[in-house]
Amino acid sequence: MVTRHQVLVASNRGPVSYSVGEDGSLTAKRGGGGLVSGLSAVKGDAMWVCAALGDGDREAVRRTRGALDPSDTGGQTVRMLDIPAEVFSDAYNGIANSVLWFVHHMLYQTPLEPAFDTAFERQWRSYEAYNAAFADALAEEAAEGAAVLVQDYHLTLVPGMLRERRPDLRIGHFSHTPWAPADYFRMLPDDPDGGIAAQVLRGVLGADRAAFLTQRWANAFTDCCVRLLGAEVAVGEDGEMVVTHEGRRTRIGVHGLGADAGFLRERSRRPDVDERMAALREQIGRAPDGAPRKAIVRVDRTELSKNIVRGLHAYRRLLEERPEWRDRVVHVAFAYPSRQDLAVYRDYTAEVSRVADAINAEYGTAEWTPVVLHVKDDFARSLAAYRLADVALVNPIRDGMNLVAKEVPVVSDGGCALVLSREAGAFAELAEDAITVNPYDIGATADALHRALTMEAGERAERTERLAAAATALPPTAWFTDQLDALRG
């Protein structure tokens with residue numbers, strides 16, 4: 001007898017990934033994050049549906065027919081889909097990461113891009129096929145009346161497709177990115193009858209409830225629905241917005257994902273983090289008067305929206321205009337390469353290194369390296385940097401939330417001044433105790449860094465305490481279960 005599941009989560013990336021050894025053996029590596037901890041907290045029968053991302057995953061699917069070994073997944077029931085590699089590549093790299101991500105983060109250089117040509121049309125067909133594969137699997141695995149939580153921009157069409165296959169289900173969609181304003185979103189082919197902009201909106205509106213990280217992103221989505229589809233928006237009895245389109249009602253929710261304080265505090269006190277703190281302190285060193293140099297810390301992927309290059313230019317401006325900081329501060333920049341299979345990301349990663357090297361060449365001395373750049377991902381080292389940071393620089397062009405802004409105050413040893421972009425989703429919760437910056441304004445960001453560096457220790461500690469409280473208001477398990485309860489309610 002086939003077991004049907006009462007709770008299902010669908011996401012591109014699952015809770016485990018595989019690599020193949022030279023002897024053909026498979027090694028599983030578990031991931032973390034809000035979905036992993038949230039789904040683990042669900043009582044009853046639950047399943048995670050995800051895609052095979054690489055050769056190791058595909059081999060695991062072939063050996064298990066997609067039903068992964070629970071000993072690899074931490075006991076979770078996981079179905080991994082082996083979508084044809086060329087379809088996956090078109091959908092993931094061609095559409096999700098090169099079109100939808102760019103639209104929602106407003107990253108296009110519009111004189112040159114986008115150009116929706118025949119290659120795009122082929123990729124879009126793959127995106128439809130990729131979403132359909134998820135919808136088919138969810139329809140097959142879900143019990144009568146089950147709750148299905150579909151995650152993110154990779155799977156915007158799934159709710160509508162699944163609604164057609166299984167109208168009995170309770171379907172939710174959660175967007176982890178920002179949502180583009182209507183005038184930018186309609187850059188997508190926007191024929192109201194069959195254009196891709198309308199397809200995306202209708203896909204999400206197939207859900208009973210669509211949720212976002214901040215009210216700002218929720219408002220942008222509903223505005224798109226009104227302006228592109230002619231939908232109606234009202235406020236329900238519970239205070240949540242409701243979008244009505246073609247006779248269907250979709251509730252709109254907001255759940256601001258918080259930091260996992262218990263995990264972060266425990267993990268940041270382990271010996272490997274202490275070792276990396278000692279190494280970082282040695283790299284940062286002491287000023288000529290013997291005092292420890294200040295540390296401006298950033299921890300990011302080399303994602304275009306993270307704005308690492310402008311952050312480096314602002315640091316250079318600080319050194320140029322305020323020479324008193326020379327030899328007294330170090331910018332510890334962790335820029336972990338991201339999406340290196342896309343040329344624009346490779347170019348951006350190279351530019352980060354180039355600018356860091358230029359700053360060091362211009363201002364560095366035998367005793368002082370102004371920028372300490374690390375490009376190899378090391379979570380323990382990131383936690384060490386969180387603990388010792390005097391200033392955290394979080395200046396994205398646009399960000400759905402930005403958990404780094406929330407994690408640093410939670411584990412900081414002595415208090416940390418947070419310089420935060422007003423375009424980060426976290427700004428909605430942390431603005432009162434952060435130093436706010438326009439992410440495009442290099443001079444103002446340099447001034448903000450100076451203000452952060454000169455903040456008195458008492459004020460810095462008080463702000464950090466309040467930031468940590470706000471950052472942990474909705475930890476990952478509660479974030480997930482709140483969505484599930486709201487969907488079922």
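For the structure, see preceding data.
Residues numbered from 1 in each chain as written. Predicted model: local features only at pLDDT ≥ 70, side-chain atom pairs only at ≥ 80, totals over all residues. Heavy atoms only, no water.

1. Quick word on the overall build of the protein
From N to C terminus, the protein includes 18 helices and 17 strands. A globule of 489 residues ought to have a C-alpha radius of gyration of about 23 Å, and the protein, at 23 Å, matches this closely. Its C-alpha atoms put the protein at 75 × 55 × 45 Å along the principal axes. Considering only residue pairs separated by 6 or more positions, the protein has 77% of its internal contacts joining residues 24 or more positions apart. About 20000 Å² of surface is accessible on the protein, with carbon and sulfur atoms providing 49% of the total. Of the charged side chains in the protein, 56 are positive and 70 negative; the average position of the first set lies 2 Å away from that of the second. (Helix = DSSP H or I, 4+ residues; strand = E, 2+ residues; numbered from the N terminus. Rg over C-alpha atoms; globule rule 2.2 N^0.38 Å. Contact = heavy atoms within 4.5 Å. Areas by Shrake-Rupley, 256 points an atom, 1.4 Å probe, with all protein chains shown as cover. Lys, Arg positive; Asp, Glu negative; His and termini not counted. Charge placed at Lys NZ, Arg CZ, Asp CG, Glu CD.)

2. Focus: the pattern of salt bridges
Across all of its chains, the model carries 36 salt bridges by this definition. For E59, the salt bridge is made with R62, and the minimal N-O distance between the two is 3.1 Å. Note that E59 and R62 are positioned in helix α2 (residues 55–64) at a spacing of three residues, about one turn of the helix. Two residues, R122 and D90, come together in a salt bridge whose shortest N-O distance is 3.1 Å. Here R122, found in helix α4 (residues 118–141), pairs with D90, found in helix α3 (residues 85–104); they are 32 residues apart in sequence, far enough to count as distant. On the basis of relative accessibility, which here comes to 39%, the residue R122 falls in the partly exposed class. Here D90 falls in the buried class, since its relative accessible area comes to 12%. (Salt bridge = Lys/Arg side-chain N within 4 Å of Asp/Glu carboxyl O. Buried < 20%, exposed > 50% of the residue type's maximum accessible area, 1.4 Å probe, protein only.)

3. Focus on helix α12 (residues 343–363)
Its 21 residues give α12 an end-to-end C-alpha distance of 31 Å, which sits within 8% of 30 Å, the value for a rise of 1.5 Å per residue. Within the sequence span of α12, burial applies to Y345, Y348, T349, V352, V355, A356, I359, N360 and Y363. Each buried residue of α12 lies within a common arc of 135° when the element is viewed along its axis, so the set occupies one face. Away from its buried face, by an angle of more than 90 degrees, α12 presents the exposed residues D347, D357 and A361. Elements in contact with the buried residues of α12: α3, α11 (308–321), β13 (329–336) and β14 (371–374). (Expected span 1.5 Å × (residues − 1). Arc of directions from axis to C-beta.)

4. Examining the pairing of strand β12 (residues 294–301)
Within β12, six of the eight residues are buried, which leaves the element mostly enclosed by the surrounding structure. Handedness of the crossover joining β12 and β13 through α11 is recorded here as right-handed. (Right-handed = clockwise from strand over helix to strand, strands pointing away.)

5. What about the sheet that holds strand β11 (residues 248–254)?
In sheet architecture, strand pairing relies on hydrogen bonds along the backbone and comes in two forms, parallel and antiparallel. Strands sit in the order β5-β4-β1-β6-β7-β8-β11-β10-β9 across an open sheet of nine strands; the sheet is mixed. Two strands lie at the open edges of the sheet, namely β5 (78–81) and β9 (232–235), each paired on one side alone. Looking at each pair of strands side by side, their axes are set apart by 20° on average, direction ignored. Pairing of β9 with strand β10 (residues 241–245), which is carried by four bridges, proceeds in the antiparallel orientation. Each bridged residue has a counterpart across the sheet, and for V233 the counterpart in β10 is V243. On top of the sheet, helix α18 (residues 476–488) reaches β1 (5–10), β6 (142–151), β7 (170–175), β8 (209–212) and β11; it is set at about 135° to β6, its chief contact. (Pairing = 2+ DSSP bridges. Axes fitted to C-alpha atoms, helices over the stretch in contact; angles between N-to-C directions.)

6. Here's the deal with the nonpolar core
Counting residues in hydrophobic clusters, the biggest one holds 170 residues, and the most contacted among them are F134, W179 and F185. With eleven residues, α3 is the single largest residue contributor to this core. (Core = buried A, V, L, I, M, F, W, Y, C linked by side-chain atoms within 4.5 Å.)

7. What to know about the pairing of strand β16 (residues 417–421)
Along β16, five of the five residues are buried, which leaves the element largely enclosed by surrounding structure. Burial along β16 is two-sided: A417, V419 and S421 facing one way and L418 and L420 facing the other are all buried. Where strand β15 (residues 391–394) lies against β16, four bridges are found, and the strand directions are parallel. Considered in β16, the bridge of V394 is made with L420. As a crossover connection, the stretch from β15 through helix α14 (residues 404–411) into β16 is right-handed. Across three bridges, the pairing between β16 and strand β17 (residues 435–437) is parallel. Among the inter-strand pairings, S421 is bridged to a residue of β17, identified as V437.

8. So, the environment of Y345
Structurally, the position occupied by Y345 is in helix α12. Here Y345 falls in the buried class, since its relative accessible area comes to 0%. Spatially, the C-alpha atom of Y345 lies 7.0 Å from that of L304, the residues being 41 residues apart in sequence. Y345 has contacts with W101, F102, T302, E303, L304, S338, R339 and Q340, leaving out every residue within four places of it along the chain.

9. Points about the sheet that holds β17
Strand order across the open sheet formed by six strands is β14-β13-β12-β15-β16-β17, with parallel pairing between neighbours. Among the strands making up the open sheet, the edge pair consists of β14 and β17. Taken over all neighbouring pairs, the strand axes of this sheet differ in orientation by 20° on average, direction set aside. Direction of pairing for β12 relative to β15: parallel, over a ladder of two bridges. Of the residues in β15, the one forming a bridge with I296 is V391. Here helix α16 (residues 442–453) sits on the sheet in contact with β12, β13, β15, β16 and β17, set at roughly 170° to β17.

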